[in-house]
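Observations on the three-dimensional arrangement
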Amino acid sequence: LVYDIYNGHSSAELIRSRLGLVNVPKSTAWFHASSVGECALAVAAASAINEVQIASDEEILSSALLTSWTKHGTMWARRRAAPQLKPGITVTAVDAVWNSPRAVRRLLQRAQPKAAFFVQSELWPSMISEASSFGCQLGSHRWKIVQNITTPMERLR
């Protein structure tokens, strides 16, 4: 962090996001992705949920929080995510929080998601553990891995 600030790579907005201090609206689902490619997968997952919602006339997804670890992923999500979902679904894209329990809890308390989806190349154990403790339903394209690490982490609490 000190290195990034010193070299001008971090803005106050980015630091607030990383600490979970960003102002976000309440969201029915949190989608976390690593970068642009994973953001596209997250939007595809939201679109699939959206299709189920349209077919069933049941409101599953009314708003989504999309976090990305890279600035390009966040910028892509801000430009491209909302147009790919049905009108009325709000999408908020922000930089991802650090993988620390306190930062993740702050974001969860602000967004209040009912579900969390993790689209990633690597795992974020604190994000998964805190979202589970918060009561979110969890989903991932690597669900077996998530299940296998979440259970032992819960026992450690």
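Residues numbered from 1 in each chain as written. Predicted model: local features only at pLDDT ≥ 70, side-chain atom pairs only at ≥ 80, totals over all residues. Heavy atoms only, no water.

1. Here's the deal with the confidence of the model for the chain
Looking at the chain as a whole, the pLDDT averages 77, with 72% of positions reaching at least 70. The low-confidence segment residues 143-157 (pLDDT under 50) makes 19 contacts with residues lying over four places distant or belonging to another chain. (pLDDT = per-residue confidence, 0-100. Contact = heavy atoms within 4.5 Å.)

2. Remarks on empty space enclosed by the protein
Throughout the structure, instances matching the rule amount to one cavity of 30 Å³ or more. Each pocket or cavity is described by its volume, and for the largest cavity that value is around 30 Å³. If you go around the largest cavity, the residues you meet are Phe31, Ala42, Val43, Ala46, Ala64, Leu66, Ala81, Leu85 and Val91. Those elements giving two or more residues to the lining of the largest cavity turn out to be α3 (36-56) and β2 (63-68). Broken down by element, the residue count for the lining of the largest cavity peaks at three residues, all from α3. Residue composition of the lining of the largest cavity, by class: nine nonpolar, no polar and no charged. (1 Å grid on protein atoms, 1.4 Å probe; cavity = no way out; pocket = protein on both sides within 12 Å on 5 of 7 lines; lining within 4 Å. Points joined across faces, edges and corners; volume = space filled by probe spheres on them. Helix = DSSP H or I, 4+ residues; strand = E, 2+ residues; numbered from the N terminus. Nonpolar A, V, L, I, M, F, W, Y, C, P; charged D, E, K, R; others polar.)

3. Brief notes about the environment of Cys136
Among the secondary structure elements, Cys136 is positioned in the loop between α6 (125-134) and β5 (137-140). Sequence separation between Cys136 and Trp30 is 106 residues, and the spatial gap between their C-alpha atoms is 9.1 Å.

4. Remarks on the pattern of salt bridges
If you walk through the whole model with that rule in mind, you get two salt bridges. In this structure, Glu13 engages Arg78 in a salt bridge whose closest nitrogen and oxygen atoms are separated by 3.4 Å. Of this pair, Glu13 sits in helix α2 (residues 12-18) while Arg78 is found in helix α4 (residues 71-80), placing the two residues 65 residues apart along the sequence. Overall, the relative accessible area of 40% leaves Glu13 in the partly exposed class. Accessibility expressed as a relative area gives 44% for Arg78, which makes it partly exposed. Across the pair Glu130 and Arg105 runs a salt bridge, and its minimum N-O distance is 3.1 Å. Separated by 25 residues along the polypeptide, Glu130 in helix α6 and Arg105 in helix α5 (residues 101-111) bring together distant segments of the chain. When its relative accessible area of 35% is taken as the criterion, Arg105 is described as partly exposed. (Salt bridge = Lys/Arg side-chain N within 4 Å of Asp/Glu carboxyl O. Buried < 20%, exposed > 50% of the residue type's maximum accessible area, 1.4 Å probe, protein only.)

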